[in-house]
Amino acid sequence: MNDSPLPAPGLPAGFDAPDEAAVKAFRDSILAKLVYQVGGRPERASPRDWFIATALAARDHIVDDWRRSNDQTRSDDRKGVCYLSMEFLIGRLLSDALGNLGLTETARRALEGLGVDLDTVAGQEADAALGNGGLGRLAACFMESMASVDVPAYGYGIRYENGLFRQVIAGGIQHEVPEDWLALGNPWEFERSGLVYEVRFGGHVRSEVSVDGSTRMIWHAGEIVNALAYDTPVVGWRGKRVNTLRLWSARATDPLQLGDFNRGDHVGSQSARMRAEAISRVLYPGDESEAGQELRLRQEYFFASASLQDILRRHLSNHADLSNLAEHIAVQLNDTHPAIGVAELMRLLVDLHGMEWDAAWTVTQAVFSYTNHTLLPEALETWAVPMMERVLPRHMQIIYLINARHLDRARTGGADDMLLSAVSLIDERHGRRVRMGHLAFVGSHRINGVSALHSQLMRDTVFADLNQVCGDRITNKTNGITFRRWLHRANPGLTRLLVDAIGPAVLDDPNRLADLVPLADDAAFQQKFAAQRRAAKERLASLIAGRIGLRVDPDALFDVQIKRIHEYKRQLLNIVQTVALYNAMRARPTASWVPRVKIFAGKAAPSYHKAKDIIRLANDVAAVVNDDPTLRGLLKVAFIPNYNVSLAEGIIPAADLSEQISTAGLEASGTGNMKLALNGALTIGTLDGANVEIDERVGRDNIFIFGLTAEEVMERKRAGYDARAAAAASPELRGALDAIASGVFSPGEPGRYRGLVEGLMHDDRYLVTADFDSYNTRQRDVASRWSQPESWWRSAVLNTAQVGWFSSDRTIREYAADIWGVAADDS
Ligand SMILES: *Cc1c(COP(=O)(O)O)cnc(C)c1O
């Protein structure tokens, strides 16, 4: 099937009114870029050439503001933020940059004059997938919001040559293909060849007595890798300020062992280079092998070290010493991946800058804060002590020292042995391992969860002991999303409608969305709202036809579950319910069924076999359901391959129903839930993560809540849950599971899913069967609501109207005030 680049989401029209001179200047600039930088000719240029030329022309508009933002921060000596993240899932940047600069119309008309269409050009851009999912997308939304609310910031991460894999579905099975996002050039980045730091690995540590009689620890590294900076400007809304995303690329210090090469060992002479450069080759190398785990650790230390060296250099260029570092810089650790930074900053301050331990520790704790993103035990990072000693021998010593002092303080505070072993940075239970979450916690003045429920669970469960010992450092910062990307750019039709209805101030202040509330009962407004949805559904229908050759009816209810494939997110619950619906429709084909399209998209981690089975099952169910004539087309199942930011932008405006159905207590926040509710989809969901806060804001009449609560989930697990009994008690569930297990959807291999269903009966740890009946009942409520359009669209309008609080501008202002101590604009 066709795999042409996804069309860019339509760019909002009419928010900026260009004058002729500006259009002409922009056109001249694009032409000059095309001729002198791309080396093309207007009459032969490809859309890709035009994209590069347009992006370069837009970049010129950014550079002056960028310099001005940096100069001003420096001259005003403003405190700034460094956001350390292993992932930045930024997606495409052209429409973002043009939109925030107010140049969309200027660029559109400039290109029109050259016979070129802006949307086609924007659709050429590679989707920068330097992240997996929610965590990386949060970092990208935060970068945009920090620029928009005037917080000086650097994002620090890794410039992966190959980001997240491209997902290809063949025979229903996920295959992973490398995503070569840099292949055709990246017009946004600046290589900073003068900004290179040495990052050390391995070797050994010796103590040396210096002339004044004090002892210093000297790390004699076994290997040095260079970190080279690439900067991408991040433009805020209305060009308010431009911040920097600084990504590190790994380079060998010696590209070639010339002696070996000349002796004829042409491959071996480059092995050191390969080893060094593997660090920034791929996002999340497989970590099933020891070598894979070591590479992960090398990646984490590589970017933490380069970033901290850069932060200290920048500080010292403007200040006399490092004692006041925390007055000028706040460093946010996005999850534990950069947590080794705590030990690295201690090393830099004590070993290199000669600071006393206690003074250095005070600075470190005041500088760092840490965001936790998951409480799943398997996702909490730990590193084996022997590996740490081998890769980072000095850091292991520093971690022991931090731990000794931390445990002494706890002991003095009355902690018993059990509490001490729970709060220790070293887990002694199964081989000695360093707990990176504990290191981040102890080294930070604030630790935050990402939704009210998640932060409460942090306090009550995984971090209860540490929080007690460390004196209540946990705070909540519910996630948010940037409305510029997820409403203005992704859904220009709806945005235009909102501006017409309640005025353009809504573009600057998301709280103004509440002005829509009175319009929720207005029949004419409801119709306009529904018409925007309908147009988006037509576009999605043609995308689905193009991608997977499936025809779907834009008048059907579009029921959407788009996110990483994971057992706790429970795509399986949705698929089983789809099968139950299929069974019911076949049993009573002439009943008045609501036409429905079940839409799935998402990638599974390459080594996560259960998640891949779930993808295959979704595709197998789709193949049978979509071709069954007894359904008369009333049920369709679409698995759209290669979920990424651009695909999300295409699906979200077309969604009627948003599936947020994780096992309660396991989704830290979710942000997909916010994007969909903002665009007016109704949520069917559990009381999990930020769903709880969405429910509070939109009201129980405008959301479909089902299932066990987090507390009930914990009780069920304590009591020992019996899935077989649940299946026996529910005929619809049993019928669906029997159909899957007996091979109805895998006729060529009837036993394909027997193991999956048996496994569920044996150990249903995500409580799919426990929540099935409640979910299935709620899905019937959804269908009956859909049959009363005035009621449905009233709720849809009220969703958009009442989720303004989930803007990441709000989230960033809260971080700025409560964690970072930096000034933000307060509009
Ligand atoms: C928002 C987003 C996510 C996160 O979705 P959840 O439903 O919160 O898990 C993941 N991937 C992409 C591409 C996104 O845009």
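Residues numbered from 1 in each chain as written. Predicted model: local features only at pLDDT ≥ 70, side-chain atom pairs only at ≥ 80, totals over all residues. Heavy atoms only, no water.

Trainee: Could you give me a rundown of the overall build of the protein chain, with the residues and numbers involved?
Mentor: When helices and strands are counted, the protein chain shows 33 helices and 24 strands. Against the compact-globule benchmark of 28 Å for 827 residues, the protein chain has a radius of gyration of 27 Å, which places it among compact chains. Viewed in the frame of its principal axes, the protein chain has a C-alpha envelope of about 95 × 75 × 65 Å. Split into buried and exposed, the 827 residues of the protein chain put 60% on the buried side. When the accessible area of the protein chain is evaluated, it comes to approximately 31,100 Å², of which 51% is carbon and sulfur surface. (Helix = DSSP H or I, 4+ residues; strand = E, 2+ residues; numbered from the N terminus. Rg over C-alpha atoms; globule rule 2.2 N^0.38 Å. Buried < 20%, exposed > 50% of the residue type's maximum accessible area, 1.4 Å probe, protein only. Areas by Shrake-Rupley, 256 points an atom, 1.4 Å probe, with all protein chains shown as cover.)

Trainee: Can you break down the sheet that holds strand β10 (residues 223-235) residue by residue, with the values?
Mentor: Pairing is mixed in the open sheet, where nine strands are placed in the order β7-β10-β11-β4-β1-β12-β13-β17-β18. Lying at the two open borders of the sheet, with one neighbouring strand each, are β7 (190-201) and β18 (474-476). Adjacent strand axes in the sheet meet at a mean angle of 25°, parallel and antiparallel pairs treated alike. (Pairing = 2+ DSSP bridges. Axes fitted to C-alpha atoms, helices over the stretch in contact; angles between N-to-C directions.)

Trainee: Give me the lowdown on the nonpolar core, citing residues and values where you can.
Mentor: If you look at the biggest cluster of nonpolar residues, it comprises 268 residues, and the most contacted ones within it are Met 146, Phe 302, Ile 399, Ile 402 and Trp 820. In this view, Met 146 contacts Val 81, Tyr 83, Val 151, Ala 153, Arg 241, Asn 243, Ile 812 and Trp 820; residues no more than four positions away in its chain are not counted. Judged by nonpolar contacts, the second largest core, of five residues, contains Ala 664, Leu 708, Ala 710 and Leu 767. (Core = buried A, V, L, I, M, F, W, Y, C linked by side-chain atoms within 4.5 Å. Contact = heavy atoms within 4.5 Å.)

Trainee: I'd love a proper account of the sheet that holds strand β20 (residues 596-601), names of residues and values included.
Mentor: Strand order in the open sheet formed by six strands is β21-β20-β19-β22-β23-β24, with parallel pairing between adjacent strands. One side of each edge strand has no neighbouring strand; the edge strands of this open sheet are β21 (635-639) and β24 (704-705). Sheet topology places strand β19 (residues 557-562) next to strand β22 (residues 657-660); two bridges connect them, and they run parallel. Bridged to Val 560 within β22 is Ser 658.

Trainee: Can you break down the environment of Asp 722 residue by residue, with the values?
Mentor: Inspection of the secondary structure puts Asp 722 in the loop between α27 (710-719) and α28 (723-729). With a relative accessible area of 43%, Asp 722 lands in the partly exposed category. C-alpha separation for the pair Asp 722 and Arg 251, spaced 471 residues apart in sequence, amounts to 54 Å. A polar side-chain atom of Asp 722 sits 3.1 Å from the main-chain amide nitrogen of Arg 724. (Polar contact = N/O pair within 3.5 Å; in protein donor to acceptor, adjacent residues only side chain to side chain.)

Trainee: Describe in detail the site of the ligand, supporting the description with residues and values.
Mentor: Near the ligand lie 16 residues; those nearest to it are Lys 563, Lys 569, Thr 671, Gly 672 and Lys 675. Lys 563 places a polar side-chain atom, nitrogen or oxygen, 2.7 Å from an oxygen atom of the ligand. Within the backbone of Thr 671, an N or O atom sits 2.8 Å from an oxygen atom of the ligand. In isolation the ligand offers 390 Å² of accessible surface; the protein chains occlude 96% of this area. Elements supplying a minimum of two residues to the shell around the ligand: α6 (134-148), α24 (645-651) and α25 (672-678). (Near = heavy atom within 4 Å.)

Trainee: Break down the pairing of β20 for me, with residues and values.
Mentor: Within β20, six of the six residues are buried, leaving the element largely enclosed by the surrounding structure. The alternating pattern of β20 places Arg 596, Lys 598 and Phe 600 and Val 597, Ile 599 and Ala 601 on opposite faces, both of which are buried. Note that the unit made of β19, helix α22 (residues 571-587) and β20 has a crossover that is right-handed. Both β20 and β21 contribute to a ladder of five bridges, which runs parallel. Counted as the bridge partner of Ile 599 is Ala 638 from β21. Between the parallel elements β20 and β21, the chain passes through helix α23 (residues 609-626) in a crossover that is right-handed. (Right-handed = clockwise from strand over helix to strand, strands pointing away.)

Trainee: Hey, could you go over helix α26 (residues 691-698) for me, with residue numbers and the actual values?
Mentor: Restricting attention to buried positions, one finds in α26 the residues Asn 691, Glu 693, Ile 694, Asp 695 and Val 698. Contacts made by the buried residues of α26 are with α17 (452-460), β22, α25, β23 (682-685), β24 and α32 (789-802). Of the residues trailing α26, Gly 699 is marked for its positive phi of about 90°.

Trainee: Describe the UniProt feature "modified residue: N6-(pyridoxal phosphate)lysine" (unreviewed entry) in the protein chain, naming the residues involved and giving the relevant values.
Mentor: UniProt records the feature "modified residue: N6-(pyridoxal phosphate)lysine" (unreviewed entry) at Lys 675, using the numbering of this structure. According to the relative accessible area criterion, Lys 675 is buried, its value standing at 6%. If we ignore the near neighbours within four places in the chain, the residues touching Lys 675 are Arg 137, Ile 481, Trp 486 and Ile 652. (UniProt positions renumbered as here; feature names shortened; annotations may be inferred.)

Trainee: Could you give an account of helix α12 (residues 357-367), with specific residues and numbers?
Mentor: Turning to α12, its buried residues are Trp 357, Ala 360, Trp 361, Val 363, Thr 364, Gln 365 and Val 367. Buried residues along α12 sit in contact with α10 (325-328), β12 (329-334), α11 (340-352), β13 (368-371), α14 (393-412) and α16 (436-442).

Trainee: Could you give an account of unusual backbone geometry, with specific residues and numbers?
Mentor: Notably, Asp 77 is not glycine yet its phi reads approximately 50°, a positive angle. Following the sequence through the fold, Asp 77 ends up in the loop between α2 (47-75) and β1 (80-84). With phi around 60°, Asn 642 is a residue other than glycine that occupies positive phi space. Inspection of the secondary structure assignment puts Asn 642 in the loop between β21 and α24.

Trainee: Please set out the side chain of Thr 54 residue by residue, giving values where relevant.
Mentor: Within the secondary structure, Thr 54 is located in helix α2. A residue is classified by how much of its surface remains accessible, and Thr 54, at 0% relative accessible area, is buried.

Trainee: Explain the pattern of salt bridges to me, and be specific about the residues and the numbers.
Mentor: Considering all chains together, one arrives at 66 salt bridges under this definition. Taking the shortest distance from any N to any O, the salt bridge between Glu 144 and Arg 484 comes out at 2.7 Å. Of the two residues, Glu 144 sits in helix α6 while Arg 484 sits in helix α19 (residues 483-489), which places them 340 residues apart along the sequence. For Glu 144, a relative accessible area of 3% gives the class buried. Bridged by salt links that share partners, the residues Arg 192, Asp 231, Arg 246, Asp 310, Arg 313 and Arg 314 form one connected network. (Salt bridge = Lys/Arg side-chain N within 4 Å of Asp/Glu carboxyl O.)

Trainee: Before we move on, can you summarise the pairing of strand β5 (residues 166-170) with the specific residues and values?
Mentor: Note that β5 and strand β6 (residues 173-177) share five bridges and pair antiparallel. By the bridge assignment, Ile 169 is partnered in β6 with Gln 174. Here β5 folds back onto β6, and the loop between the two strands holds two residues, one of which, Gly 171, carries a positive phi near 60°.

Trainee: Explain the packing of aromatic side chains to me, using residue names and the numbers behind them.
Mentor: Per the stated rule, a full pass over the model turns up 18 aromatic pairs. Plain terms: the ring middles of Tyr 83 and Phe 142 are 5.8 Å apart, the flat faces sit at 80° to each other, and that makes the pair edge-to-face. Of the two residues, Tyr 83 is situated in strand β1 and Phe 142 in helix α6; the sequence distance between them amounts to 59 residues. Residue Tyr 83 shares its accessibility class with Phe 142, and that shared class is buried. Centroid distance Tyr 582 to Phe 745: 5.9 Å. Interplanar angle 55°. Geometry classified as tilted. With Tyr 582 in helix α22 and Phe 745 in the loop between α29 (731-742) and α30 (754-762), this pair connects stretches of sequence that are 163 residues apart. Ring-pair connections join several aromatic residues into one group, and the members of that group are Phe 525, Phe 529, Phe 704, Trp 786, Trp 792 and Trp 793. Over the aromatic face of Tyr 154 sits the side chain of Arg 314, whose NZ or CZ is 3.6 Å from the ring centroid. Taking NZ or CZ as reference, Arg 810 lies 3.6 Å from the ring centre of Trp 805, over its face. (Phe/Tyr/Trp six-rings, centres within 6.5 Å; stacked < 30°, edge-to-face > 60°. Lys NZ or Arg CZ within 6 Å of the ring centre and 35° of its normal.)

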